[in-house]
Amino acid sequence: MIQSNIAPLGMAVTPHHLASESALAILREGGNAIEAMVAAAATIAVVYPHMNGLGGDGFWLIVPPQGEPIAIDASGAAGTLADLNFYHGQKTIPHRGPKAALTVAGTVSGWSEALAVSSELGGVQKPLARLLGDAIRYAADGIPVTHSQADATQNKLRELVDQPGFARTFLLNGAPPAAGSRFTQPDLANTLCLLTEEGLDSFYRGTLAHKLALGMSQLEMPLTLEDLQNHHAKRLTPLRVSHQQGDIFNIPPPTQGLVSLAILGITDCLDMVNANDAQTIHRIVEATKLAFGLRDKFITDPRYITEDMQDLLDSTLLAELAATLDDHQAAPWGTGRGPGDTVWMGVMDSSGLAVSFIQSIYHEFGSGVVLPDTGIIWQNRGASFSLDPTHMLALAPGKQPFHTLNPAAARLHDGRTMVYGSMGGDGQPQTQAAIFTRHVVQGLPLQQTISAPRWLLGRTWGQSSDSLKLEARFSTETVSALRALGHEVEMLPDYSEAVGHAGAIVRHINGMLEGAFDPRSNGSAAGF
């Protein structure tokens, strides 16, 4: 039997156990869920450096015990110099190198804005040196390299090894570090210390900002000091969908939170309670195709959107989409947006405050560019822009790129609160649908829900195939049934990182906090 962890006073779920423990330590000391998440976010940036970092973006979904949830968009816009002329002669934006590092990194601004929310909710803020203390120690003294980091370094070495600062920062004696070896990041430790001394705003308007801007100029990145100074995280009203089981929340554009909500709104019109594995997967996959259609038609920088995104989640519209779904035949579809390396983390405290959070540098190791003397690897999120000036996602200075990132939360009619999410680009909304459907709708225990075999419609790392990929633990009957429905099925290993690192926390009506982590990760569900 696969059991969840349940605790009365606090729970943290992350894809790396050291980050879970950083959050748990803050909770034990009386800090709230937001402060605990900042500590976890700093630690995960050090211990999972191939998937996230200070040079990336973040999104927060904060669910207070009472009142409306709060969303924070901590994503950066394209730099002042990042115009079409900057990429003259190129058909697409490169995924690696200084030209791929074209958007401001917003994640640190999200930490700052979340702590402001914490103060407004009555939290007595712990010193920043305490919140970042674990991260500083792990960066300075070293952490054991995970198999995930070792594999990512080895598999992507050819395209990363010559990027500025990469070999110096992420290779040991010129070679990828072995799993279990000690890995130190002294420059990153110094950067984190500087943030504790000057405050998080130093990243954008202090000593660190000037150091970053100097490096950007030296490396001919299309970002300037003014771009950093003009950046601020934004509070947003979350999108929501009304489901038979309760209200589900997610992040509005530039993220694909709309997709995650639309999938669940469409499948809510179908009989998911009595569906077997093949029917569950087929219906969610077909709903995913319909939701991706909405995404590809509407989602871009919010300033360029004329439709009201909440209107697209109207129950009547979703029912109309559900009516087009063929329960007996897979619909054709085009291509997805591809994979993305990300970390989802959740924290709940004893007051009922809950946080669903995502932090990312997009592809593994982002652009591959490490800013001099900072230890910060910069994201390549701007690679999702188009160089076609007529495209909805056309590059323009100051424009926000499309984001796959979307942390989720739900307030259920039975009184439970749930935060959940996953890494994995196109796979994020699909995995969210799997988690919610299996646990909330079909009643599968929480840890079994996260551990159960999953699927991915779309591309995995290094592949161009947009097939339906299934972990090999599905039964032969399920696989055969999906092929009979017309799905182009490919098989993945038993516990494949391709389907993402997921997690969830549920607050029960008696106050008990139940957490589940992904065995595909190095994570844990830590409570007290």
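Residues numbered from 1 in each chain as written. Predicted model: local features only at pLDDT ≥ 70, side-chain atom pairs only at ≥ 80, totals over all residues. Heavy atoms only, no water.

Caption draft 1: Main features of the overall build of the protein. Counting its secondary structure elements, the protein contains 18 helices and 19 strands. Its C-alpha atoms give the protein a radius of gyration of 21 Å, within 12% of the compact-globule value 24 Å for 528 residues. Dimensions of the protein, computed from C-alpha atoms along their principal axes, come out at roughly 60 × 55 × 45 Å. Partitioning the contacts of the protein with sequence separation of at least 6, the portion at a separation of at least 24 is 73%. Accessible surface, the protein: about 18,300 Å² in total, of which carbon and sulfur atoms supply 50%. (Helix = DSSP H or I, 4+ residues; strand = E, 2+ residues; numbered from the N terminus. Rg over C-alpha atoms; globule rule 2.2 N^0.38 Å. Contact = heavy atoms within 4.5 Å. Areas by Shrake-Rupley, 256 points an atom, 1.4 Å probe, with all protein chains shown as cover.)

Caption draft 2: Structural context of the sheet that holds strand β14 (residues 455–457). Strand order in this open sheet of three strands is β14-β15-β16, and the pairing throughout is mixed. Either end of the sheet is taken by a strand with one partner, and the two such strands are β14 and β16 (489–492). Pairwise comparison of adjacent strand axes, ignoring direction, gives a mean angle of 20° for this sheet. Of the strand pairs in this sheet, β14 and strand β15 (residues 468–471) are connected by three bridges, and their pairing is antiparallel. (Pairing = 2+ DSSP bridges. Axes fitted to C-alpha atoms, helices over the stretch in contact; angles between N-to-C directions.)

Caption draft 3: Here's a closer look at the packing of aromatic side chains. Counted according to the given criterion, the structure contains nine aromatic pairs. Each ring, one from Phe166 and one from Phe365, has its centre 5.1 Å from the other, and the planes form 90°; the classification is edge-to-face. Taken as a pair, Phe166 in helix α8 (residues 166–170) and Phe365 in the loop between β11 (354–362) and β12 (408–412) lie far apart in primary sequence, 199 residues in all. Take Phe166 and Phe365: they sit in the same class, and that class is buried. A network of ring pairs unites the aromatic residues Phe166, Phe170, Phe183 and Phe365 as a single cluster. Just above the ring of Tyr304 sits the side chain of Lys399; from NZ or CZ to the centre is 4.5 Å. (Phe/Tyr/Trp six-rings, centres within 6.5 Å; stacked < 30°, edge-to-face > 60°. Buried < 20%, exposed > 50% of the residue type's maximum accessible area, 1.4 Å probe, protein only. Lys NZ or Arg CZ within 6 Å of the ring centre and 35° of its normal.)

Caption draft 4: Geometry of the sheet that holds strand β9 (residues 246–250). One open sheet holds the seven strands; their spatial order is β1-β18-β17-β13-β12-β9-β8, and the pairing between them is antiparallel. Strands with a single pairing partner mark the edges of an open sheet, and in this sheet they are β1 (5–7) and β8 (239–243). Geometrically, the sheet is characterised by an average inter-axis angle of 15° between neighbouring strands, direction not taken into account. The sheet contact formed by strand β17 (residues 502–507) and strand β18 (residues 513–517) spans five bridges and is antiparallel. Of the residues in β18, the one forming a bridge with Val506 is Glu514.

Caption draft 5: Broad picture of helix α15 (residues 315–323). Among all positions of α15, only Leu318, Leu321 and Ala322 are buried. For α15, the buried positions fall inside an angular range of 100° around the axis, keeping them on one side. Set apart from the buried face of α15 by more than 90 degrees, the exposed residues are Glu320 and Ala323. Buried positions along α15 lie against β8, α13 (257–267) and α14 (277–298). Its side-chain oxygen placed 2.9 Å from the backbone nitrogen of Thr316, Asp314 serves as the N-cap of α15. (Arc of directions from axis to C-beta. Polar contact = N/O pair within 3.5 Å; in protein donor to acceptor, adjacent residues only side chain to side chain.)

Caption draft 6: Quick look at the pairing of β15. With burial as the criterion, each face of β15 is covered, one bearing Leu468 and Leu470 and the other bearing Lys469 and Glu471. Viewed along the sheet, the connection from β15 through helix α18 (residues 476–484) into β16 turns out right-handed. (Right-handed = clockwise from strand over helix to strand, strands pointing away.)

Caption draft 7: Local environment of the packing of helix α1 (residues 17–28) against helix α2 (residues 33–47). Remark: α1 packs on α2, axes separated minimally by 8 Å, with the N-to-C direction vectors making an angle of 155°. Judged on the interaxial angle alone, α2 and α1 are roughly antiparallel. The element α1 and its partner α2 pack so that their crossing is right-handed. Mapping the contact onto sequence places Leu18, Ala19, Ser22, Ala23, Ile26 and Leu27 in α1 and Ala33, Glu35, Ala36, Ala39, Ala40, Thr43, Ile44 and Val47 in α2. (Parallel < 35°, antiparallel > 145°, perpendicular 65-115°, else oblique. Left-handed = near helix turned anticlockwise from the far one by under 90°.)

Caption draft 8: Local environment of the side chain of Glu35. Assignment of secondary structure puts Glu35 in helix α2. No salt bridge is formed by the buried Glu35, whose closest oppositely charged neighbour, Lys126, lies at an N-O distance of 6.1 Å. (Lys, Arg positive; Asp, Glu negative; His and termini not counted. Salt bridge = Lys/Arg side-chain N within 4 Å of Asp/Glu carboxyl O.)

Caption draft 9: Representation of a negative patch on the surface. Residues Glu307, Asp308, Asp311, Asp314 and Glu320 make up a contiguous surface patch of negative charge. With respect to the helices, strands and loops of the structure, Asp308 is situated in the loop between α14 and α15. (Patch = residues over 30% accessible without salt bridge, like charges linked within 9 Å, V, L, I, M, F, W, Y side chains within 5 Å. Charge placed at Lys NZ, Arg CZ, Asp CG, Glu CD.)

Caption draft 10: A look at the nonpolar core. Ranked by size, the top nonpolar core spans 83 residues in total, and within it Leu54, Trp60, Ile62, Trp111, Phe203 and Trp378 carry the most contacts. Here the element with the most residues in this core is α2; it accounts for 13 residues. Listed in part, the 57 residues of the second largest apolar core include Phe292, Ile299, Ile305 and Leu318. (Core = buried A, V, L, I, M, F, W, Y, C linked by side-chain atoms within 4.5 Å.)

Caption draft 11: Structural view of the pairing of strand β4 (residues 70–74). The element β4 is largely enclosed, with a buried count of five among its five residues. Side-chain alternation along β4 places Ile70, Ile72 and Ala74 on one buried face and Ala71 and Asp73 on a second face that is also buried. The antiparallel pairing of strand β3 (residues 57–63) with β4 creates a hairpin that spans six residues between the two strands, and Gly67 there sits at a positive phi of about 95°. Bridging between β4 and strand β7 (residues 234–236) involves three bridges; their strand directions are antiparallel.

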